[in-house]
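# Summary of the model geometry
Take a look at the letters that make up each chain.
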Amino acid sequence: MLSAFLVRARTALQRSGTGNVLGVQMVVGNEAADLDSVVSAIAFSVFVHRRNGAQEEPRVAPVIAIPRNEFALRTDIKHALNVCFGENEAANITDSLLFLDSPLVPSTAEAFLTDHNVPAPSLTTRIETISVVGIVDHHADERCFLNASPRLIEPCGSASSLVAHLFETESIPIDSSLAQLLLAPILLDTVNLNQDFNRVTQRDRDAVAFLTRILDQAGDKPPLNCDAYFAALQAAKFDTSSLSAMDLLRKDYKQTACKSASSGRTIQMGISSVGTSVQDLVAKDDAKPLVGVLRAFLLEKGLDFLLVMTSYEDAQDSGHFKREMLCLFGSKEDARIASAGIERNKDMLVFEAGPVDGVIGATSSQSSMGEVVKWYRIGNVKMSRKLVQPILIPLVESM
(Lines give C-alpha, C1' and ligand atoms only; values in the text may rest on other atoms or scores of the structure.)
Protein backbone atom coordinates (compact mmCIF):
# COMPACT_ATOMS: atom_id res chain seq x y z
CA MET A 1 0.00 0.00 0.00
CA LEU A 2 1.11 3.55 -0.72
CA SER A 3 0.50 4.63 2.88
CA ALA A 4 2.84 1.87 4.12
CA PHE A 5 5.61 3.19 1.86
CA LEU A 6 5.03 6.74 3.16
CA VAL A 7 5.11 5.59 6.79
CA ARG A 8 8.41 3.76 6.23
CA ALA A 9 9.84 6.88 4.57
CA ARG A 10 8.80 8.95 7.61
CA THR A 11 10.49 6.42 9.88
CA ALA A 12 13.70 6.73 7.86
CA LEU A 13 13.58 10.51 8.24
CA GLN A 14 12.99 10.23 11.97
CA ARG A 15 16.08 8.05 12.29
CA SER A 16 18.03 10.33 9.96
CA GLY A 17 17.47 13.49 12.04
CA THR A 18 17.65 17.14 10.95
CA GLY A 19 21.15 16.57 9.62
CA ASN A 20 19.83 13.75 7.42
CA VAL A 21 22.66 11.34 8.29
CA LEU A 22 20.98 8.54 6.31
CA GLY A 23 20.84 10.69 3.17
CA VAL A 24 17.11 10.35 2.57
CA GLN A 25 16.31 12.15 -0.68
CA MET A 26 13.31 14.48 -1.04
CA VAL A 27 10.93 14.64 -4.00
CA VAL A 28 9.22 18.02 -4.07
CA GLY A 29 6.52 19.41 -6.37
CA ASN A 30 6.08 23.13 -6.92
CA GLU A 31 4.83 25.59 -4.32
CA ALA A 32 1.26 25.65 -5.68
CA ALA A 33 0.89 22.02 -4.54
CA ASP A 34 -1.83 21.44 -7.10
CA LEU A 35 -2.93 18.00 -8.27
CA ASP A 36 -0.09 17.61 -10.79
CA SER A 37 2.61 18.69 -8.31
CA VAL A 38 1.38 16.43 -5.52
CA VAL A 39 0.75 13.36 -7.69
CA SER A 40 3.98 13.69 -9.66
CA ALA A 41 5.97 13.99 -6.41
CA ILE A 42 4.30 10.95 -4.85
CA ALA A 43 4.58 8.82 -7.99
CA PHE A 44 8.18 9.80 -8.70
CA SER A 45 9.11 8.89 -5.12
CA VAL A 46 7.72 5.41 -5.73
CA PHE A 47 9.60 5.27 -9.04
CA VAL A 48 12.94 6.14 -7.39
CA HIS A 49 12.28 3.72 -4.51
CA ARG A 50 11.54 0.82 -6.85
CA ARG A 51 14.36 1.69 -9.23
CA ASN A 52 16.74 1.61 -6.25
CA GLY A 53 15.65 -1.89 -5.36
CA ALA A 54 12.67 -1.15 -3.09
CA GLN A 55 14.63 -1.61 0.11
CA GLU A 56 12.61 -2.11 3.31
CA GLU A 57 13.46 1.36 4.63
CA PRO A 58 13.06 3.86 1.78
CA ARG A 59 15.76 6.43 1.11
CA VAL A 60 13.36 8.74 -0.71
CA ALA A 61 10.25 10.61 0.44
CA PRO A 62 7.79 13.02 -1.19
CA VAL A 63 7.38 16.44 0.45
CA ILE A 64 4.29 18.55 -0.27
CA ALA A 65 5.44 22.18 -0.55
CA ILE A 66 2.74 23.77 1.61
CA PRO A 67 1.80 23.70 5.30
CA ARG A 68 -0.35 20.70 6.24
CA ASN A 69 -3.32 22.89 7.19
CA GLU A 70 -3.65 24.09 3.58
CA PHE A 71 -3.95 20.59 2.10
CA ALA A 72 -7.69 20.43 2.85
CA LEU A 73 -8.18 23.23 0.30
CA ARG A 74 -7.15 20.86 -2.52
CA THR A 75 -10.57 19.31 -3.09
CA ASP A 76 -9.58 17.65 -6.37
CA ILE A 77 -6.64 15.87 -4.71
CA LYS A 78 -8.90 14.53 -1.98
CA HIS A 79 -11.33 13.25 -4.62
CA ALA A 80 -8.58 11.57 -6.65
CA LEU A 81 -7.13 9.80 -3.60
CA ASN A 82 -10.58 8.59 -2.51
CA VAL A 83 -11.41 7.24 -5.97
CA CYS A 84 -8.05 5.54 -6.54
CA PHE A 85 -7.40 4.08 -3.09
CA GLY A 86 -10.72 4.12 -1.21
CA GLU A 87 -11.52 6.50 1.63
CA ASN A 88 -9.69 4.62 4.40
CA GLU A 89 -6.40 4.25 2.53
CA ALA A 90 -6.76 7.83 1.19
CA ALA A 91 -7.01 9.09 4.77
CA ASN A 92 -3.94 7.03 5.73
CA ILE A 93 -2.02 8.47 2.78
CA THR A 94 -2.94 12.04 3.76
CA ASP A 95 -1.94 11.40 7.38
CA SER A 96 1.39 9.89 6.27
CA LEU A 97 2.42 12.60 3.82
CA LEU A 98 5.20 15.03 4.72
CA PHE A 99 4.49 18.74 4.40
CA LEU A 100 6.92 21.63 4.34
CA ASP A 101 6.14 22.58 7.94
CA SER A 102 6.85 19.09 9.28
CA PRO A 103 9.73 18.91 11.81
CA LEU A 104 10.83 15.75 9.98
CA VAL A 105 11.87 17.73 6.89
CA PRO A 106 15.67 17.89 7.20
CA SER A 107 17.78 21.03 7.00
CA THR A 108 20.03 19.40 4.41
CA ALA A 109 19.01 17.07 1.59
CA GLU A 110 19.37 15.99 -1.99
CA ALA A 111 16.15 16.72 -3.86
CA PHE A 112 14.32 15.74 -7.01
CA LEU A 113 12.04 18.48 -8.37
CA THR A 114 8.78 17.66 -10.12
CA ASP A 115 6.53 20.16 -11.89
CA HIS A 116 9.19 22.89 -11.61
CA ASN A 117 12.90 23.12 -12.35
CA VAL A 118 14.16 25.78 -9.93
CA PRO A 119 13.33 25.48 -6.20
CA ALA A 120 11.05 28.17 -4.79
CA PRO A 121 12.22 30.42 -1.93
CA SER A 122 9.78 28.66 0.41
CA LEU A 123 11.69 25.41 -0.20
CA THR A 124 15.23 26.80 0.05
CA THR A 125 14.27 28.60 3.25
CA ARG A 126 13.02 25.36 4.79
CA ILE A 127 15.80 23.07 3.50
CA GLU A 128 18.80 25.32 4.00
CA THR A 129 21.28 23.10 2.16
CA ILE A 130 19.56 21.62 -0.87
CA SER A 131 21.24 19.83 -3.76
CA VAL A 132 19.02 19.29 -6.81
CA VAL A 133 19.89 15.85 -8.21
CA GLY A 134 16.98 15.26 -10.58
CA ILE A 135 14.20 17.14 -12.40
CA VAL A 136 10.96 16.05 -14.09
CA ASP A 137 9.08 19.09 -15.36
CA HIS A 138 6.91 20.41 -18.19
CA HIS A 139 7.53 24.16 -17.76
CA ALA A 140 10.02 26.40 -19.55
CA ASP A 141 13.59 25.24 -18.91
CA GLU A 142 15.44 27.80 -16.77
CA ARG A 143 18.76 26.07 -17.60
CA CYS A 144 19.80 25.35 -14.01
CA PHE A 145 21.16 22.11 -12.49
CA LEU A 146 22.42 20.87 -15.84
CA ASN A 147 24.01 17.78 -14.25
CA ALA A 148 20.77 16.57 -12.67
CA SER A 149 19.75 13.00 -13.54
CA PRO A 150 17.17 12.50 -14.74
CA ARG A 151 16.83 15.97 -16.19
CA LEU A 152 13.61 15.48 -18.09
CA ILE A 153 12.19 18.91 -18.96
CA GLU A 154 9.75 18.76 -21.82
CA PRO A 155 6.73 20.90 -22.75
CA CYS A 156 3.57 18.85 -22.36
CA GLY A 157 0.25 19.06 -20.57
CA SER A 158 1.28 17.53 -17.27
CA ALA A 159 4.44 16.65 -15.35
CA SER A 160 2.69 13.41 -14.42
CA SER A 161 2.84 12.39 -18.10
CA LEU A 162 6.64 12.53 -17.85
CA VAL A 163 6.64 10.45 -14.65
CA ALA A 164 4.46 7.86 -16.40
CA HIS A 165 6.95 7.90 -19.30
CA LEU A 166 9.79 7.03 -16.91
CA PHE A 167 7.84 4.12 -15.41
CA GLU A 168 7.18 2.80 -18.91
CA THR A 169 10.62 3.27 -20.49
CA GLU A 170 12.52 1.93 -17.48
CA SER A 171 10.06 -0.95 -16.94
CA ILE A 172 9.48 -0.04 -13.29
CA PRO A 173 6.43 -1.86 -11.86
CA ILE A 174 3.38 0.29 -11.22
CA ASP A 175 0.20 -0.88 -9.53
CA SER A 176 -3.27 -0.01 -10.77
CA SER A 177 -4.13 2.49 -8.01
CA LEU A 178 -1.01 4.56 -8.65
CA ALA A 179 -1.63 4.35 -12.41
CA GLN A 180 -5.16 5.67 -11.91
CA LEU A 181 -3.82 8.44 -9.67
CA LEU A 182 -1.31 9.51 -12.34
CA LEU A 183 -4.15 9.71 -14.85
CA ALA A 184 -5.96 12.33 -12.73
CA PRO A 185 -3.67 15.34 -13.31
CA ILE A 186 -3.03 14.36 -16.92
CA LEU A 187 -6.74 14.39 -17.73
CA LEU A 188 -7.39 17.53 -15.67
CA ASP A 189 -4.45 19.54 -17.02
CA THR A 190 -5.14 18.63 -20.66
CA VAL A 191 -8.91 19.15 -20.28
CA ASN A 192 -9.45 15.46 -21.03
CA LEU A 193 -6.91 15.45 -23.89
CA ASN A 194 -8.79 18.29 -25.62
CA GLN A 195 -6.65 19.80 -28.39
CA ASP A 196 -8.71 22.99 -28.47
CA PHE A 197 -6.91 24.28 -25.35
CA ASN A 198 -3.39 23.89 -26.80
CA ARG A 199 -2.16 21.88 -23.80
CA VAL A 200 -2.13 18.26 -24.88
CA THR A 201 0.90 16.71 -26.61
CA GLN A 202 1.71 13.24 -27.86
CA ARG A 203 3.56 12.64 -24.58
CA ASP A 204 0.25 13.08 -22.72
CA ARG A 205 -1.62 10.78 -25.09
CA ASP A 206 1.07 8.12 -24.77
CA ALA A 207 0.94 8.38 -20.97
CA VAL A 208 -2.84 7.92 -20.92
CA ALA A 209 -2.54 4.91 -23.23
CA PHE A 210 0.16 3.35 -21.02
CA LEU A 211 -1.70 3.96 -17.75
CA THR A 212 -5.07 2.73 -19.02
CA ARG A 213 -3.31 -0.37 -20.33
CA ILE A 214 -1.93 -0.98 -16.83
CA LEU A 215 -5.46 -0.70 -15.44
CA ASP A 216 -6.88 -3.07 -18.05
CA GLN A 217 -4.14 -5.65 -17.49
CA ALA A 218 -4.45 -5.52 -13.70
CA GLY A 219 -8.17 -6.25 -13.82
CA ASP A 220 -8.61 -5.42 -10.13
CA LYS A 221 -10.71 -2.30 -10.72
CA PRO A 222 -13.90 -1.60 -12.68
CA PRO A 223 -13.22 -0.40 -16.25
CA LEU A 224 -12.26 3.28 -16.11
CA ASN A 225 -14.40 5.78 -18.00
CA CYS A 226 -11.94 8.64 -18.57
CA ASP A 227 -14.71 11.08 -19.50
CA ALA A 228 -16.55 10.46 -16.24
CA TYR A 229 -13.29 10.51 -14.25
CA PHE A 230 -12.35 13.87 -15.75
CA ALA A 231 -15.82 15.32 -15.13
CA ALA A 232 -15.74 14.30 -11.47
CA LEU A 233 -12.24 15.74 -10.98
CA GLN A 234 -13.27 18.97 -12.67
CA ALA A 235 -16.34 19.24 -10.47
CA ALA A 236 -14.25 18.64 -7.33
CA LYS A 237 -11.65 21.21 -8.37
CA PHE A 238 -14.21 23.93 -9.01
CA ASP A 239 -16.35 23.22 -5.94
CA THR A 240 -15.47 26.26 -3.87
CA SER A 241 -18.64 26.32 -1.79
CA SER A 242 -16.86 25.52 1.48
CA LEU A 243 -13.87 27.82 0.89
CA SER A 244 -13.45 31.45 1.91
CA ALA A 245 -11.92 34.11 -0.33
CA MET A 246 -8.64 33.83 1.60
CA ASP A 247 -8.74 30.03 1.22
CA LEU A 248 -9.08 30.44 -2.54
CA LEU A 249 -6.11 32.78 -2.75
CA ARG A 250 -3.99 30.22 -0.88
CA LYS A 251 -5.28 27.12 -2.67
CA ASP A 252 -3.24 27.38 -5.88
CA TYR A 253 -0.54 30.01 -5.43
CA LYS A 254 2.91 30.66 -6.88
CA GLN A 255 5.39 33.42 -6.06
CA THR A 256 8.26 34.72 -8.17
CA ALA A 257 11.08 37.13 -7.25
CA CYS A 258 11.91 39.46 -10.16
CA LYS A 259 14.74 41.97 -10.33
CA SER A 260 13.96 45.46 -11.62
CA ALA A 261 16.18 46.33 -14.58
CA SER A 262 16.08 50.05 -13.75
CA SER A 263 16.44 50.15 -9.96
CA GLY A 264 17.90 46.74 -9.16
CA ARG A 265 15.28 46.17 -6.47
CA THR A 266 13.70 42.76 -5.98
CA ILE A 267 9.99 42.73 -6.86
CA GLN A 268 7.87 39.97 -5.38
CA MET A 269 5.04 38.84 -7.67
CA GLY A 270 2.39 36.39 -6.54
CA ILE A 271 -0.19 34.65 -8.74
CA SER A 272 -3.25 32.88 -7.33
CA SER A 273 -5.31 30.68 -9.66
CA VAL A 274 -8.93 30.63 -8.57
CA GLY A 275 -11.68 28.43 -9.99
CA THR A 276 -14.48 30.97 -9.70
CA SER A 277 -15.37 34.43 -10.97
CA VAL A 278 -14.47 37.76 -9.37
CA GLN A 279 -18.15 38.31 -8.64
CA ASP A 280 -18.32 34.97 -6.80
CA LEU A 281 -15.20 35.92 -4.83
CA VAL A 282 -16.89 39.15 -3.80
CA ALA A 283 -19.87 37.13 -2.53
CA LYS A 284 -17.76 35.15 -0.05
CA ASP A 285 -18.55 35.89 3.60
CA ASP A 286 -15.02 37.08 4.40
CA ALA A 287 -14.77 39.31 1.32
CA LYS A 288 -16.33 42.42 2.80
CA PRO A 289 -14.69 44.17 1.04
CA LEU A 290 -12.62 41.94 -1.25
CA VAL A 291 -9.84 44.53 -1.50
CA GLY A 292 -9.23 44.02 2.22
CA VAL A 293 -8.65 40.29 1.67
CA LEU A 294 -6.34 41.02 -1.27
CA ARG A 295 -4.38 43.52 0.79
CA ALA A 296 -4.05 41.11 3.72
CA PHE A 297 -2.78 38.37 1.39
CA LEU A 298 -0.34 40.76 -0.32
CA LEU A 299 1.07 41.75 3.08
CA GLU A 300 1.16 38.15 4.36
CA LYS A 301 3.26 37.08 1.38
CA GLY A 302 5.40 40.23 1.26
CA LEU A 303 4.34 41.06 -2.29
CA ASP A 304 4.70 44.12 -4.48
CA PHE A 305 2.21 42.79 -7.03
CA LEU A 306 -0.64 40.29 -6.57
CA LEU A 307 -2.41 38.79 -9.55
CA VAL A 308 -5.56 36.70 -9.16
CA MET A 309 -6.39 34.65 -12.26
CA THR A 310 -9.96 33.38 -12.25
CA SER A 311 -11.41 30.67 -14.49
CA TYR A 312 -15.03 29.56 -14.58
CA GLU A 313 -17.97 28.50 -16.73
CA ASP A 314 -20.42 31.39 -16.98
CA ALA A 315 -23.91 30.05 -16.30
CA GLN A 316 -25.36 33.38 -17.50
CA ASP A 317 -23.63 32.96 -20.87
CA SER A 318 -24.57 29.40 -21.88
CA GLY A 319 -21.80 27.93 -19.74
CA HIS A 320 -18.98 29.48 -21.80
CA PHE A 321 -15.52 29.15 -20.24
CA LYS A 322 -14.06 32.49 -19.17
CA ARG A 323 -10.96 33.92 -17.51
CA GLU A 324 -10.38 37.12 -15.57
CA MET A 325 -7.36 38.84 -14.07
CA LEU A 326 -7.55 40.91 -10.90
CA CYS A 327 -4.36 42.86 -10.17
CA LEU A 328 -3.34 44.60 -6.95
CA PHE A 329 -0.27 46.82 -7.26
CA GLY A 330 1.54 48.25 -4.26
CA SER A 331 2.19 51.61 -5.93
CA LYS A 332 0.86 53.84 -8.72
CA GLU A 333 4.13 53.73 -10.66
CA ASP A 334 4.29 49.91 -10.62
CA ALA A 335 0.66 49.83 -11.74
CA ARG A 336 1.31 52.27 -14.59
CA ILE A 337 4.21 50.28 -16.06
CA ALA A 338 2.88 46.76 -15.62
CA SER A 339 -0.74 47.43 -16.59
CA ALA A 340 0.38 49.15 -19.80
CA GLY A 341 2.35 46.04 -20.76
CA ILE A 342 -0.53 43.74 -19.86
CA GLU A 343 -2.98 45.78 -21.92
CA ARG A 344 -0.66 45.79 -24.96
CA ASN A 345 0.02 42.05 -24.91
CA LYS A 346 -1.28 40.32 -28.03
CA ASP A 347 -1.38 36.83 -26.52
CA MET A 348 -3.62 37.50 -23.53
CA LEU A 349 -5.91 39.99 -25.33
CA VAL A 350 -7.14 41.55 -22.10
CA PHE A 351 -9.85 44.18 -21.82
CA GLU A 352 -11.23 45.93 -18.77
CA ALA A 353 -13.98 43.90 -17.12
CA GLY A 354 -15.57 46.99 -15.68
CA PRO A 355 -15.06 49.58 -12.97
CA VAL A 356 -13.91 48.21 -9.64
CA ASP A 357 -15.87 50.91 -7.80
CA GLY A 358 -18.37 49.24 -5.52
CA VAL A 359 -17.37 45.74 -6.66
CA ILE A 360 -14.30 44.92 -4.59
CA GLY A 361 -14.35 47.88 -2.21
CA ALA A 362 -11.92 50.10 -4.09
CA THR A 363 -12.77 53.57 -5.36
CA SER A 364 -11.69 54.79 -8.80
CA SER A 365 -9.35 51.81 -9.19
CA GLN A 366 -7.45 52.75 -6.03
CA SER A 367 -7.96 51.41 -2.52
CA SER A 368 -8.10 53.63 0.54
CA MET A 369 -4.60 52.38 1.49
CA GLY A 370 -3.08 53.56 -1.80
CA GLU A 371 -2.81 50.28 -3.72
CA VAL A 372 -3.97 50.31 -7.33
CA VAL A 373 -6.51 47.73 -8.48
CA LYS A 374 -7.13 46.59 -12.06
CA TRP A 375 -9.79 44.13 -13.21
CA TYR A 376 -9.52 42.55 -16.67
CA ARG A 377 -11.17 39.87 -18.73
CA ILE A 378 -8.73 37.68 -20.66
CA GLY A 379 -9.90 37.44 -24.25
CA ASN A 380 -7.74 34.39 -25.01
CA VAL A 381 -9.14 31.77 -22.63
CA LYS A 382 -6.28 29.39 -23.45
CA MET A 383 -3.94 31.61 -21.39
CA SER A 384 -3.53 29.69 -18.15
CA ARG A 385 -1.06 30.75 -15.44
CA LYS A 386 1.56 28.48 -16.99
CA LEU A 387 1.44 30.67 -20.13
CA VAL A 388 0.81 34.03 -18.47
CA GLN A 389 3.62 33.88 -15.88
CA PRO A 390 6.47 33.97 -18.48
CA ILE A 391 4.79 36.99 -20.09
CA LEU A 392 4.49 38.85 -16.80
CA ILE A 393 8.05 38.33 -15.55
CA PRO A 394 9.73 40.71 -18.07
CA LEU A 395 6.92 43.23 -17.51
CA VAL A 396 7.54 43.17 -13.76
CA GLU A 397 11.30 43.40 -14.31
CA SER A 398 10.68 46.64 -16.21
CA MET A 399 8.97 48.19 -13.16
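Heads up: the structure comes first, above all this text.
All figures in this text were calculated on a predicted structure; none of them were measured in a lab.

### Topic: the packing of aromatic side chains
What the rule picks out here adds up to seven aromatic pairs. When the centroid spacing of 5.4 Å and the interplanar angle of 20° are considered together, the rings of Phe44 and Phe47 count as stacked. A residue pair is termed a helical-turn pair when its members lie 3 or 4 positions apart in one helix, as Phe44 and Phe47 do in helix α2 (residues 35-51) at three residues. Accessibility classification places Phe44 together with Phe47 in one group, the buried group. A centroid spacing of 5.2 Å and a plane angle of 65° characterise the contact between Phe71 and Phe99, whose relative ring orientation is edge-to-face. Within this pair, whereas Phe71 is found in the loop between β2 (60-64) and α3 (75-85), its partner Phe99 is found in strand β3 (residues 98-99), the two being separated by 28 residues in sequence.

### Notes on the nonpolar core
Residues Phe44, Phe167, Ile174, Leu182 and Leu211 are the most contacted members of the largest nonpolar core, which totals 61 residues. It is α2 that contributes the most residues to this core, 10 residues altogether. Once residues lying within four places of it in the same chain are set aside, the contact partners of Ile174 are Arg50, Phe167, Ala179, Leu182, Phe210, Leu211 and Ile214. Residues Leu290, Phe297, Leu303 and Val308 belong to the second largest nonpolar core, which totals 26 residues.

### Comments concerning the sheet that holds strand β10 (residues 320-329)
Strand order in the open sheet formed by six strands is β7-β8-β9-β10-β12-β11, with mixed pairing between adjacent strands. On the outer flanks of this sheet lie β7 (253-259) and β11 (350-352), each paired with one strand and no other. Averaged over all neighbouring strand pairs, the angle between strand axes comes to 25°, with direction disregarded.

### Here's the deal with the pattern of salt bridges
Should their charged atoms come close, side chains of opposite charge can pair. Within this structure, the stated rule accounts for 15 salt bridges. Among the ionic pairs, Asp334 bridges to Arg265, the shortest N-O distance being 2.6 Å. With Asp334 in helix α13 (residues 332-344) and Arg265 in the loop between β7 and β8 (266-274), this residue pair connects regions lying 69 residues apart in the sequence. Since its relative accessible area comes to 32%, Arg265 is described here as partly exposed. Salt-bridge contacts for Lys322 lead to Asp317; the nearest nitrogen and oxygen are separated by 3.1 Å. Exposure remark for Asp317: the relative accessible area of 29% places this residue in the partly exposed category. A cluster of three or more residues bridged by salt bridges with shared partners is formed by Arg15, Glu57 and Arg59.

### Some remarks on the packing of helix α7 (residues 176-189) against helix α8 (residues 202-218)
At a closest axis distance of 9 Å, the pairing of α7 and α8 adopts a crossing angle of 150°. Judged on the interaxial angle alone, α8 and α7 are roughly antiparallel. Classified by chirality, the crossing of α8 by α7 is left-handed. Residue-level inspection shows Ser176, Ala179, Gln180, Leu182, Leu183, Ile186 and Leu187 of α7 in contact with α8, the latter providing Asp204, Ala207, Val208, Leu211, Thr212, Ile214, Leu215 and Ala218.

What counts and what doesn't
- In this numbering scheme, every chain counts its residues from 1 along its sequence in written order.
- For this predicted model, a pLDDT threshold of at least 70 governs which residues receive local features, and a threshold of 80 or more governs which side-chain atom pairs are given and counted, while totals over whole chains, interfaces and linings are taken from all residues.
- Remark: hydrogens and water are excluded; side-chain values derive from all non-hydrogen atoms of the structure.
- Stacked, edge-to-face and tilted labels apply to pairs of Phe, Tyr and Trp rings (six-membered ring for Trp) whose centres lie within 6.5 Å, assigned for plane angles under 30 degrees, over 60, and everything in between, in that order.
- The secondary structure listing takes helices from DSSP runs of H or I that are at least 4 residues long and strands from runs of E that are at least 2 residues long, numbered from the N terminus.
- Exposed residues in this analysis have more than 50% of their type's maximum accessible area, buried residues have under 20%, and partly exposed residues fall in between, with area computed by a 1.4 Å probe over protein chains only.
- We define the nonpolar core as a collection of buried residues of types Ala, Val, Leu, Ile, Met, Phe, Trp, Tyr and Cys that are connected through side-chain atoms lying within 4.5 Å of one another.
- Whether two residues are in contact is decided by their heavy atoms: any pair within 4.5 Å suffices.
- Pairing between strands is defined by DSSP: at least two bridges between them are needed.
- Every angle, taken between N-to-C directions, lies between 0 and 180 degrees, and every axis is a line fitted to C-alpha atoms, over only the stretch in contact when it is a helix.
- The salt bridge definition used is simple: a Lys or Arg side-chain nitrogen within 4 Å of an Asp or Glu carboxyl oxygen.
- Here roughly perpendicular refers to angles of 65 to 115 degrees, roughly parallel to angles under 35, roughly antiparallel to angles over 145, and oblique to all remaining angles.
- Two helices cross in a left-handed way if the nearer one is turned anticlockwise from the farther one by less than a right angle. They cross in a right-handed way if the turn is clockwise.

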